[in-house]
Amino acid sequence: QVQLVEAGGGLVQPGGSLRLACATSATSGRAFSSYVMCWFRQAPGKDREFVAAISWSGSASYYADSVKGRFTISRDNAKNTEYLQMNSLKPEDTAVYYCAARPSAVVRTRAYDYDYWGQGTQVIVSS
């Protein structure tokens, strides 16, 4: 019912910044503004982990402790797009980053609670 496409990944040096974007296309008729949106990431050899989530209106956001203070999640409902501003990047931030959506007003931090996923975009933080 929802298609998601991530963009903005790449190679950056430690301390640098990247801005990820997730463009969505709905086929069910449900408005983008009625989906909880989030970002997960998966590093080599590790399970997919929660990064950040944002409520319908964007008034509330949630972050993993590992990225709090460095990453900022946002959404533009008029553009049907979710963003992740990543500052002060560290090598341990290296992962494939996935956009995900959930047709609910309740924010969840577990991957299996989300219904729709993008293909992912690679972020590499290295000198």
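Computed from a prediction, not measured in an experiment: that's the story for all the values here. (Residues numbered from 1 in each chain as written. Predicted model: local features only at pLDDT ≥ 70, side-chain atom pairs only at ≥ 80, totals over all residues. Heavy atoms only, no water.)

**Some remarks on the side chain of Arg70**
Locating Arg70 in the fold gives a position in the loop between β6 (61-63) and β7 (71-76). Those residues in contact with Arg70 that lie beyond four places of it in its chain are Gln85, Met86, Asn87, Ser88, Leu89, Lys90 and Asp93. (Helix = DSSP H or I, 4+ residues; strand = E, 2+ residues; numbered from the N terminus. Contact = heavy atoms within 4.5 Å.)

**Some points on the pattern of salt bridges**
Two side chains carrying opposite charge are able to pair once their charged atoms lie near each other. This model, assessed by the stated rule, comprises 6 salt bridges. Residue Arg70 pairs with Asp93 through a salt bridge whose shortest N-O separation is 2.7 Å. With Arg70 in the loop between β6 and β7 and Asp93 in the loop between β8 (81-86) and β9 (95-102), this pair connects stretches of sequence that are 23 residues apart. Of the residues examined, Arg70 reaches a relative accessible area of 11% and is grouped as buried. Exposure remark for Asp93: the relative accessible area of 1% places this residue in the buried category. Here Arg110 and Asp113 are joined by a salt bridge, their closest N and O atoms 3.1 Å apart. Residue classification places Arg110 among the partly exposed positions, given a relative accessible area of 40%. Salt bridges here are not isolated pairs; linked through shared partners, they connect Arg41, Glu49, Arg70 and Asp93. (Salt bridge = Lys/Arg side-chain N within 4 Å of Asp/Glu carboxyl O. Buried < 20%, exposed > 50% of the residue type's maximum accessible area, 1.4 Å probe, protein only.)

**Considerations on the sheet that holds strand β1 (residues 2-7)**
As summarised here, the arrangement of the 4 strands in space is β1-β3-β8-β7, forming an open sheet in which the pairing is antiparallel. Each having just a single partner strand, β1 and β7 make up the two edges of the open sheet. Between one strand axis and the next, the sheet turns through 15° on average, direction left out of account. Where β7 and β8 come together, 6 bridges link them in antiparallel fashion. Along β8, the bridge assignment pairs Ser74 with Tyr83. (Pairing = 2+ DSSP bridges. Axes fitted to C-alpha atoms, helices over the stretch in contact; angles between N-to-C directions.)

**Observations concerning the nonpolar core**
Counting 35 residues, the largest nonpolar core has Met37, Trp39, Leu84 and Tyr97 as its most contacted members. If you list the elements that add at least two residues to this core, you get β1, β3 (18-26), β4 (36-42), β5 (49-54), β7, β8, β9 and β11 (121-125). With residues near it in sequence (within four places) discarded, Leu84 still touches Leu18, Arg19, Leu20, Trp39, Val51, Ala52, Phe71, Thr72, Ile73 and Tyr97. (Core = buried A, V, L, I, M, F, W, Y, C linked by side-chain atoms within 4.5 Å.)

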